[in-house]
Amino acid sequence: MSLKVYMPPPHGGKLVDAVIRDKDKAVEMAAGAMAYDIKPTRSIVDGSPIRNVYREIMSIAYGFFSPLDRFMTRNEVESVLKERRLLDGWLFPFPIIFDIPEEDLRKLGVKEGDRLLLRLKGQPFAILDIEEVWKFDPKDLADRTFGTPEKNSDVVKRRFDEKHPGWLIYRSMTGTALAGKVYVINEPIFKDPYTRFWYPPAKSREEIQRRGWRTVIAHQTRNVPHTGHEHLMKNAAYLGDIEPAHGILVNAIIGAKRLGDFVDEAILEGHEALSKYGYISPKRHIVTMTLWDMRYGNPLESLLHGIIRQNMGCTHHMFGRDHAAVGDYYDPYATQILWDKGIPSFGLPAPPYDLDKGLKIRPVNIKEFWYCPKCGEIAYSDTCAHTDVAQRFSGSFIRGLIAEGIEPPPIIFRPEVYRVIVKWWRVYGYPFVNKKYLELKERELEVDAPKMEIPIKG
Amino acid sequence: MGMPYKMAVILDKARLERIKGTQLEGLVKDLYGGYLKVLELDVPDDVAQRILKEFPRARIDARGFIEETPVVFKRELFEVIAQLRSVGREVFEELLKPERLSRIKELAAKEEEYLPPPPLLEKEK
């Protein structure tokens, strides 16, 4: 058997492409359907927009979530909650639900078997073929999605609550869901700077081939990179097959984030600056994005990341400490536990690559990098033994430094990356996500919807 | 006994000047090869819980440090340290006095809307 590693097939075997590019066909499909303007999910705590389902529609239709091609039925959600599998058996971590206020549903008067036209910014955007109308208890769904210390004591350390942004998304849903296949019928146009980072799976696979990369390691990000992230990327990328990985594919999660995270534009351009200014050669680096209102679900989020990046054509995925985590709800190494031996309490008795209908992407579990004053360099925590003097990287500490108006020293933050933060700080009057940014982001979104005329009912 | 937490106050040139010649000077720690100077404070568990309660966005990071407190909280923390010439528990007792705390919270609320961006960076001039 060859030791060389090649691009894996999409999860489920085939990329979903539910984008109708033929205008006449799109109009024909939508004609006569009841129309509904997509609304954001607003936090039950303070009313802030914390999710817009358009991002999930995009991620389904463009194949990021392949083989998922629909909003889930009750049975499918139950299957996901029980064993993190779709009804056809393929692994999938989160319930993907199109929820709607009860009153809106009553006004629309749609039922199973009907087609709904979904509008975005007042323009036709997608259609949803309603297979099932079902109800759920949002709190119960939120608890079962993320787990509880009683039922999932292998990785859940603390009961989830409103302070957890992902739990809050599910908790803030309406409790009434429409399930069924969804199609984008009017491709949105990405705004600057998002447009240049938009590599849906089919395009990403083409780009990887165009660049001649055989092995590509994915890096998940919701952060502007400090040098700890940079070392993680560079060092994890030594693992390929007979030589280091040819490419590093950074995939940023773009959507509503928790207060205090960096703004999306700075995350993308911050990563871009690393290759623009040569810290990682542009020959080996690409920055991309996925639309998703992050659930901060640590091991579960990592499973979604594995699916997305396998679909994008990556051969490897790096996972660090506290992967996609917030607070201390999960074991800091829960993601690595999943990819090392599985999490039985989530219905995953073995790691995702050892399960039937599991993943083909290879995990690279990495601990952390710290600054060691004794070594006088940034060192890997399992290599450097100076644990008593080692200075760990802390994103929170760096954010605090930035908020105080102090430029972080180059050893922990590249000056060009800091300049990106300041650029967007000037635009928004704030360097991080705050309520104002969330509202503005909800109003503007990452896209504009082109004008499209469709004969409609509602 | 709860877990011992910490807080760090970053010292820029002006702050270093303020503590010059005091006993605090001997407590200054180098971070990241001396690029950053900080004063570290031990935070008793009850004080830590109080800070987390008063400032919902504050959190304990992977190092066990309380971070993401409002900028004005950190600024006032330094003021109290400089005034009392101490990094002991009394610093937090002073900082969390009702009148002072309510002023900090008032300013912190404004800070959540707007933070002045830094002046032009050297390379942009």
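Conventions we followed
- Within each chain, residues carry numbers counting from 1 in the order of the written sequence.
- Ligands are numbered from 1 and chains lettered from A, in the order in which they are written.
- A pLDDT threshold of at least 70 governs which residues receive local features in this predicted model, and a stricter bar of 80 or more applies before side-chain atom pairs are shown or counted, although totals over entire chains, interfaces and linings include all residues.
- Side-chain metrics rest on all non-hydrogen atoms present in the structure, leaving aside hydrogens and water.
- Every residue pair with non-hydrogen atoms within 4.5 Å of one another is taken to be in contact.
- Accessible-area loss on putting two parts together, using a 1.4 Å probe and summing over both, is the definition of buried area adopted here.
- Here, a salt bridge means any Lys or Arg side-chain nitrogen found within 4 Å of an Asp or Glu carboxyl oxygen.
- Any pair of N or O atoms that falls within 3.5 Å is considered a polar contact. Within protein, one atom must be able to donate a hydrogen and the other to accept it, and sequence-neighbouring residues count only if both atoms are side-chain atoms.
- Helix numbering and strand numbering both begin at the N terminus, where a helix is a DSSP run of H or I of at least 4 residues and a strand a DSSP run of E of at least 2.
- Throughout this entry, Asp, Glu, Lys and Arg are counted as charged residues, while Ala, Val, Leu, Ile, Met, Phe, Trp, Tyr, Cys and Pro are counted as nonpolar. The remaining residues, Gly among them, count as polar.
- pLDDT measures how confident the predictor is about each residue, on a scale from 0 to 100.
- Two rings from Phe, Tyr or Trp (for Trp, the six-membered ring) form a pair when their centres are within 6.5 Å of each other. A pair whose planes differ by under 30 degrees is stacked, one over 60 is edge-to-face, and the rest are tilted.
- Summary of the burial criterion: residues with accessible area below 20% of their type's maximum are buried, those above 50% are exposed, and those between are partly exposed, where the area comes from a 1.4 Å probe applied to protein chains only.

**What to know about the interface of chain B and chain A**
- Across the contact, 32 residues belong to chain B and 35 residues belong to chain A.
- Carbon and sulfur atoms make up 59% of the surface buried where chain B meets chain A, a total of about 3200 Å² over both sides.
- The interface formed by chain B and chain A holds 3 salt bridges in total.
- The closest approach of N and O atoms between E68 of chain B and R399 of chain A, which form a salt bridge, is 2.7 Å.
- Remark: the boundary between chain B and chain A carries 13 residue pairs in polar contact (both at pLDDT 80 or more).
- Those elements giving two or more residues to the side of chain B that touches chain A turn out to be β2 (29-31) and α3 (71-84) of chain B.
- Looking at the side of chain B that touches chain A residue by residue, the classes come out as 17 nonpolar, 1 polar and 14 charged.

**Here we look at the confidence of the model for chain B**
All names here are of chain B.
- Within chain B, residue pLDDT values average 90, and 93% of them lie at 70 or more.
- Mean pLDDT across the elements of chain B ranges from a minimum in strand β4 (residues 59-60), with 86, to a maximum in strand β3 (residues 36-43), with 96.
- Across the interfaces of the predicted complex, the ipTM metric reaches 0.88, alongside a pTM of 0.95.

**Description of the packing of aromatic side chains**
- Taken as a whole and judged by the stated rule, the model has 24 aromatic pairs over all chains.
- For the ring pair F397 of chain A and Y32 of chain B, a centre distance of 6.4 Å and an interplane angle of 45° mean the geometry is tilted. Taken together, the positions of F397 of chain A in helix α12 (residues 395-403) and Y32 of chain B in the loop between β2 and β3 put the pair across two chains. The same class applies to F397 of chain A as to Y32 of chain B, namely buried.
- When the centroid spacing of 6.2 Å and the interplanar angle of 85° are considered together, the rings of Y430 of chain A and F432 of chain A count as edge-to-face.
- The rings of F65, F92, F94, F146, F160, Y170, W292, Y329 and Y330 of chain A are connected pair by pair, giving a single aromatic cluster.

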